[in-house]
Amino acid sequence: MLYVDIIFLFFAIVLYFLLGGADFGAGIIELFTSDNNKSRTRKTSYQAIGPIWEANHMWLVIAVVILFVGFPVIYSELCTYLHIPLLIMLMGIIARGTAFSFRNYDAVKDERSQALYNHIFVYSSFITPLFLGITAGSVISRQIDPSSNDFLTSYVYSWLNWFSVAVGLFTVALCGFLAAIYLIGEAKEQSDIKRFTKKAVIMNAVAVGCGGLVFLAAEVENVHLAHWLFGNPVSFIAIIAASLSLVLLWYLLRNGHTQIIRIPAAFQVTMILIAVGYRHYPNIVMVKGGNNLSLLKDHAPLTTITDLGWGLLIGSLIILPALGYLYYSFQRKAE
Amino acid sequence: MNDFIAARSQMALSLGFHIIYSCIGMVMPVFMAISHYKWMKTGDPVYRNITQAWSKGVAIFFATGAVSGTMLSFELGLLWPKFMRYAGPIFGMPFSLEGVAFFVEAIALGFFLYGWNRLNKWFHWFTGIVVGVSGVASGILVVSANSWMNSPSGFDYVNGQYLNIDPIKAMFNEAWFSEALHMTLAAFVATGFAVAGIHALMIFRKRNVHFHTQAFKIAIIFGAVAAILQPLSGDLSAKGAAKRQPAKSAAMEANFHTVDYSPLLIGGVPDTVHKIDKYGIELPGMLSFLVYENFKTPVVGLDKIPEKDQPNVPVTHYAFQIMVGIGFFLLFAGLLYFVALWWKRAWLFRNWFLKLFIFATPLGFLAVEAGWTVTEVGRQPWIIQGVMRTSEAVTPMQGIQYTFYLFTFVYFTLSVAVVFLLGRQIKMVPALYDKNK
Ligand code: HDD
Ligand code: HEM
Ligand code: HEM
């Protein structure tokens, strides 16, 4: 059952990245859209994410619950040392979620308040994945230092370092890329498709750039990223697969398959997560001094692990079909 | 403000904020499902309008409830890492099931809010029901986690170690039933009276009287029935607290001395220095009767409890008085409604009658906050009753006061925004729905 819990944890994280990430990306795209196209972008993305945005974000809650029930030591260490970036991320989530629904459900659609909601929505769409990425980067950056008694070392430098910030930027770019790919499939008019394609190209370039930045920062911070990624076959293959899927994606797009391209895009992001995750597995939090936290060691007592596993299995029998039907219904109705 | 007090205040603030949205999230879907059903049965468009008007308001509450809940699931760790480290595996089971319930709720909500005119109408109605059922289920589950903090079970605590963990047993701890029942009723009382009060105000102002009368009726029937049951369930909670948490119980009653024929104190100002109560009404023997069902048996007072294990007496006592006072007030308001409905129809539109319900609008939620204050402050200084002190659980991070100020600012802003948006919704009712009338 331990492995069931771990697999669910991994899936919840991947799905949060893919679905929630595309959702953040919609805001990022809006942020970088010229003013006269903004409302069209907004409309397309609203149609696409409106019915499902709340469900998308539940993956985060699921991941957190699995962590604190099944891996309480990991959860409490992360919450202690990464208190500040998590807090900022949460502020982003609050601002974004409320602004998104306020702008759609405000009974009076006057310009001033709509402009305010839009502002909050786009900026928080940028901040949230940035700090999500920073948190993720810090988890593997070896900067968390349990032996320190000093506020800055314990609670600030644990996440404020070049590597974590570079991962944060990379995450933002990936979210924007995912959203652009997703919106290409949603757009109905040729001009919109063109616009989103252009966005996807830019975001792709930015993502590649940020990826390079991550490697550079890794060198600066002494994180042996290149060695991790290319030093073991699974990660290596995953990286190659990710790059190949990108080629496939652009090929499909040129031939007008606007829907199918979501698959290679999602595949690419999943591969990146696998490449990073696998190298450390079963370790999940890298700590200065080497007392890394491991999924196989630092878990809850086995009775809890078993009950949690059954809860997740039975729950997913209810959730997954319902969720599938939700996506299917609104996909079909939109066409 | 020191970090410990800041952390406690931040937790209290976040939960106090979330609870309002979660009550609404549990109860409004039920109301909507009823009026939706009436529309499909009678074809009277007023019911469709009520359902749609409600669902717009509720969407705002849902979003706020969901984000504040997401905050909470992190805050437990951000503020109380040492508590979560040990308690997570024991009381986490209801949380993981709650995760499932939320997910179902979020999916059903997607269908419900965006499914108008798109889905088969009975399927659409059914998704509304699912939102309500999973909302109530998540409320019950999370309260079961809280009741575990009041009556820990499902593990053995030996030399500072938590052994033989049994999450299922922890979930069905002794207090879970009375707490879950009381909380669910409270959600119906609070939301029912709040919604009814707003519609009563609109009837009072003679706006869309037909629309608001029907809406008022749906809300108040639930609110009134729950209000009539609430004191009974409260009695059950009080008996449980007296048995399992004598310190909390003594603080609720400001009962300083263990004596035969323990008196029930109504009102009153506890003087913690001289250990006496001033200005209250004491009913001799009543407390013994409520707890033990005879007038003589002494009820444990604060004199039997070491100072360092006592909660803040005045806060607990006042909060308890507020809750119970409101409870009885709403009980009578509920009874009065049924009297009017069955025997005195004319009352329903009298000004004094409407004013009574307008006055009651915020009271249910006030009682909810007061009740939680009783439960949580009354449990202090323990975070897990008798096992772990709150001060041992707090995060080592410094500067929590600043995050507390930040949260206060955010929640304050959000509250203002929600009230403002709700006001706009209500103002728009005539423009949006009159044409169908
Ligand atoms: C509309 C709200 C409302 C109303 C009218 C009442 N309550 Fe209540 N009460 C709550 C809302 C609430 C609550 C906020 O929902 C609590 C907090 C924890 C819980 O499960 O319910 C609560 C807790 C609570 C507790 C603490 C239980 C514990 O800590 O273990 C007691 C003893 C009572 N209630 C008793 C009563 C009595 C005797 C009432 C008589 C009228 C009453 N309540 C009315
Ligand atoms: C939603 C309704 C709730 C409200 C309004 C509420 C209120 C409060 C208050 C006032 C405090 C501060 C007590 C003090 O420090 O004197 C507190 C603390 C706390 N509550 Fe609750 N509570 C609620 C439900 C819950 C639930 C469901 C849980 C967990 C499952 C919970 C967990 C905690 C924790 C961990 C603390 C901090 C430790 C402590 O001070 O005891 N609360 N809450
Ligand atoms: C007595 C206390 C509580 C009750 C009755 C309660 C109940 C609920 C309900 C009914 C909802 C759905 C409402 C809505 O979507 O508007 C909700 C949302 C949520 N609650 Fe609470 N809750 C309580 C405390 C907590 C605590 C302590 C936590 C965290 C550990 C928590 C975490 C969440 C989360 C993550 C959501 C969002 C789910 C979603 O997106 O629909 N809640 N809560």
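This section reports on the structure supplied with the text. (Residues numbered from 1 in each chain as written. Chains lettered and ligands numbered in written order. Predicted model: local features only at pLDDT ≥ 70, side-chain atom pairs only at ≥ 80, totals over all residues. Heavy atoms only, no water.)

**Quick word on the overall build of chain A**
Summing up its helical and strand segments, chain A has 13 helices and 2 strands in all. Counting all 335 residues of chain A, 60% fall into the buried class. Considering only contacts within chain A whose residues lie at least 6 apart along the sequence, 77% involve residues at least 24 apart. Accessible surface, chain A as shown: approximately 13900 Å² in total, 69% of it carbon and sulfur. (Helix = DSSP H or I, 4+ residues; strand = E, 2+ residues; numbered from the N terminus. Buried < 20%, exposed > 50% of the residue type's maximum accessible area, 1.4 Å probe, protein only. Contact = heavy atoms within 4.5 Å. Areas by Shrake-Rupley, 256 points an atom, 1.4 Å probe, with all protein chains shown as cover.)

**Focus: the overall build of chain B**
Summing up its helical and strand segments, chain B has 14 helices and 8 strands in all. A globule of 437 residues ought to have a C-alpha radius of gyration of about 22 Å, and chain B, at 23 Å, matches this closely. On the principal axes, the C-alpha backbone points of chain B span a range of 70 × 45 × 40 Å. Residues counted as buried form 56% of the 437 residues belonging to chain B. Taking contacts inside chain B between residues at least 6 apart in sequence as the whole, the part at least 24 apart equals 76%. When the accessible surface of chain B is summed, it comes to about 18000 Å², and 68% of that surface belongs to carbon and sulfur atoms. With 33 positive and 23 negative side-chain charges, chain B shows a separation of 16 Å between the mean positions of the two kinds. (Rg over C-alpha atoms; globule rule 2.2 N^0.38 Å. Lys, Arg positive; Asp, Glu negative; His and termini not counted. Charge placed at Lys NZ, Arg CZ, Asp CG, Glu CD.)

**Remarks on helix 4 (residues 72-81) of chain A**
Counted residue by residue, helix 4 of chain A has 9 buried out of 10 residues, so it is predominantly covered. Residues Pro72(A), Val73(A), Ile74(A), Tyr75(A), Ser76(A), Leu78(A), Cys79(A), Thr80(A) and Tyr81(A) constitute the buried set of helix 4 of chain A.

**Details of the coordination of the iron atom of ligand 3**
Donation to the iron atom of ligand 3 from the protein comes from one atom only, His18(B) (NE2), at 2.1 Å. In this structure, His18(B) sits in helix 1 (residues 3-42). (Donors = N, O, S within 2.8 Å, 3.2 Å for Na, K, Ca; no water.)

**Concerning the pattern of salt bridges**
All names here are of chain B. Summed over the entire model, instances satisfying the criterion amount to 5 salt bridges over all chains. In this structure, the salt-bridge partner of Asp235 is Lys239, at a minimum N-O distance of 2.8 Å. Residue Asp235 and its partner Lys239 are both found in helix 7 (residues 209-244); the two are separated by 4 residues, about one turn of the helix. By relative accessible area, which is 22% here, Lys239 ends up partly exposed. (Salt bridge = Lys/Arg side-chain N within 4 Å of Asp/Glu carboxyl O.)

**Details of the state of the cysteines**
A covalent bond between the sulfur atoms of two cysteines is what we call a disulfide. All told, the structure shown has 0 disulfides over all chains when counted by the stated rule. Free cysteine: Cys175(A), not disulfide-bonded; nearest cysteine sulfur from Cys210(A) at 11 Å. (Disulfide = S-S within 2.5 Å.)

**A few points about a nonpolar patch on the surface**
Nonpolar side chains collect at one region of the surface, where Met1(A), Trp310(A), Ile314(A), Leu317(A) and Ile318(A) lie side by side and expose about 530 Å² of accessible area between them. With respect to the element layout, Ile318(A) can be found in helix 13 (residues 302-334). (Patch = residues over 30% accessible without salt bridge, like charges linked within 9 Å, V, L, I, M, F, W, Y side chains within 5 Å.)

**Let's talk about the interface of chain A and chain B**
Each partner contributes to the interface: chain A provides 61 residues, whereas chain B provides 61 residues. Across the chain A/chain B interface, buried area totals approximately 5600 Å², and carbon plus sulfur atoms make up 78% of it. Of all residues in chain A, His83(A), Ile94(A) and Tyr105(A) give up the largest surface area on contact with chain B, accounting jointly for 13% of the area buried on that side. A salt bridge links Arg85(B) to Glu77(A); its shortest N-O distance comes to 3.2 Å. For the pair chain A and chain B, the interface holds 4 residue pairs in polar contact (both at pLDDT 80 or more). (Buried area = accessible area lost by both parts, 1.4 Å probe. Polar contact = N/O pair within 3.5 Å; in protein donor to acceptor, adjacent residues only side chain to side chain.)

**Topic: the site of ligand 3**
Close to ligand 3 lie 28 residues, the nearest being His18(B), Ser22(B), Phe62(B), Phe102(B) and Trp372(B). His18(B) places a side-chain nitrogen or oxygen 3.0 Å from a nitrogen atom of ligand 3. Counting residues per element, the ones that place at least two in the shell around ligand 3 are helix 3 (53-70) of chain A together with helix 1, helix 2 (45-79), helix 3 (81-114) and helix 4 (121-150) of chain B. Here the shell around ligand 3 takes 8 residues from helix 2 of chain B, the largest share from any one element. Looking at the shell around ligand 3 residue by residue, the classes come out as 15 nonpolar, 10 polar and 3 charged. (Near = heavy atom within 4 Å. Nonpolar A, V, L, I, M, F, W, Y, C, P; charged D, E, K, R; others polar.)

**Quick word on the coordination of the iron atom of ligand 1**
Residues and elements named next belong to chain B. Every protein donor of the iron atom of ligand 1 is listed here as His182 (NE2) and Met323 (SD), and their distances to the metal cover 2.0 to 2.3 Å. Taken together, the 6 donor atoms coordinating the iron atom of ligand 1 span angles of 81 to 179° at the metal, a pattern that classifies the geometry as octahedral. With His182 in helix 6 (residues 176-204) and Met323 in helix 10 (residues 313-342), this pair connects stretches of sequence that are 141 residues apart. We note that His182, like Met323, is buried. (Tetrahedral: all angles 85-135°; square planar, octahedral: opposite > 155°, others 65-115°.)

**Remarks on the side chain of His182(B)**
All names here are of chain B. For His182, a relative accessible area of 17% corresponds to the buried category. A distance of 2.7 Å separates a polar atom in the side chain of His182 from a polar atom in the side chain of Ser233. With sequence-adjacent residues up to four places away left out, His182 is seen in contact with Gln230, Ser233, Gly234, Ser237 and Met323.

**Points about the site of ligand 2**
Residues and elements named next belong to chain B. Close to ligand 2 lie 22 residues; Arg8, Leu15, Glu376, Arg379 and Gln380 are nearest. Contacts to ligand 2 include Glu376, whose side-chain N or O atom sits 2.7 Å from a nitrogen atom. Contact between ligand 2 and Arg379: an oxygen atom at 2.7 Å from a side-chain N or O atom of the residue. Where the shell around ligand 2 is concerned, the elements lending two or more residues are helix 1, helix 3, helix 4 and helix 12 (363-379).

**Observations regarding the environment of Thr213(B)**
Residue and element names in this part refer to chain B. Locating Thr213 in the fold gives a position in helix 7. Along the primary structure Thr213 and Leu348 are separated by 135 residues, whereas in three dimensions their C-alpha atoms are 9.3 Å apart. Residue contacts for Thr213: discarding those within four places in its chain leaves Ile203 and Phe349.

**Let's talk about the packing of helix 1 of chain B against helix 12 of chain B**
All names here are of chain B. Look at helix 1 against helix 12: their axes get within 10 Å of each other, and the N-to-C directions meet at 130°. In terms of their interaxial angle, helix 1 and helix 12 are classed as oblique. In this structure, the crossing between helix 1 and helix 12 has a hand that is right-handed. Within the contact between the two elements, helix 1 uses Gly16, Ile19, Ile20, Cys23 and Ile24 and helix 12 uses Phe365, Val368, Glu369 and Trp372. For the contact of helix 1 with helix 12, the per-class residue count stands at 7 nonpolar, 1 polar and 1 charged. (Axes fitted to C-alpha atoms, helices over the stretch in contact; angles between N-to-C directions. Parallel < 35°, antiparallel > 145°, perpendicular 65-115°, else oblique. Left-handed = near helix turned anticlockwise from the far one by under 90°.)

**What to know about the nonpolar core**
Residues and elements named next belong to chain B. In this structure, Phe83 and Trp148 are the most contacted members of the largest nonpolar core, which totals 219 residues. Those residues in contact with Phe83 that lie beyond four places of it in its chain are Gly88, Phe91, Trp148, Met149, Ile383, Ile384, Met388 and Ala393. By size, the runner-up hydrophobic cluster in this structure holds 7 residues, among which are Ala250, Ala251, Ala254 and Leu302. (Core = buried A, V, L, I, M, F, W, Y, C linked by side-chain atoms within 4.5 Å.)

**Considering the packing of aromatic side chains**
Tallied over the full model, the rule gives 34 aromatic pairs over all chains. Between the aromatic rings of Phe68(A) and Tyr75(A), the centroid separation amounts to 5.2 Å while the plane-to-plane angle is 55°, which identifies the pairing as tilted. The class for Phe68(A) is buried, based on a relative accessible area of 1%. Of the aromatic side chains, those joined through ring pairs into one cluster are Phe193(B), Phe216(B), Tyr337(B), Phe338(B), Trp342(B), Trp343(B), Trp352(B), Phe353(B) and Phe357(B). If you follow Arg103(A) out to its NZ or CZ, it ends over the ring of Phe121(A), 4.4 Å from the centre. (Phe/Tyr/Trp six-rings, centres within 6.5 Å; stacked < 30°, edge-to-face > 60°. Lys NZ or Arg CZ within 6 Å of the ring centre and 35° of its normal.)

**Remarks on the environment of Met149(B)**
All names here are of chain B. With respect to the secondary-structure elements, Met149 resides in helix 4. Judged by relative accessible area, Met149 falls into the buried class, the value being 10%. Sequence separation between Met149 and Met388 is 239 residues, and the spatial gap between their C-alpha atoms is 9.7 Å. What Met149 contacts, discounting residues up to four positions off in sequence, is Phe83, Phe91, Arg379, Ile383, Ile384 and Gln385.

None of this, on its own, says anything about what the molecule does.
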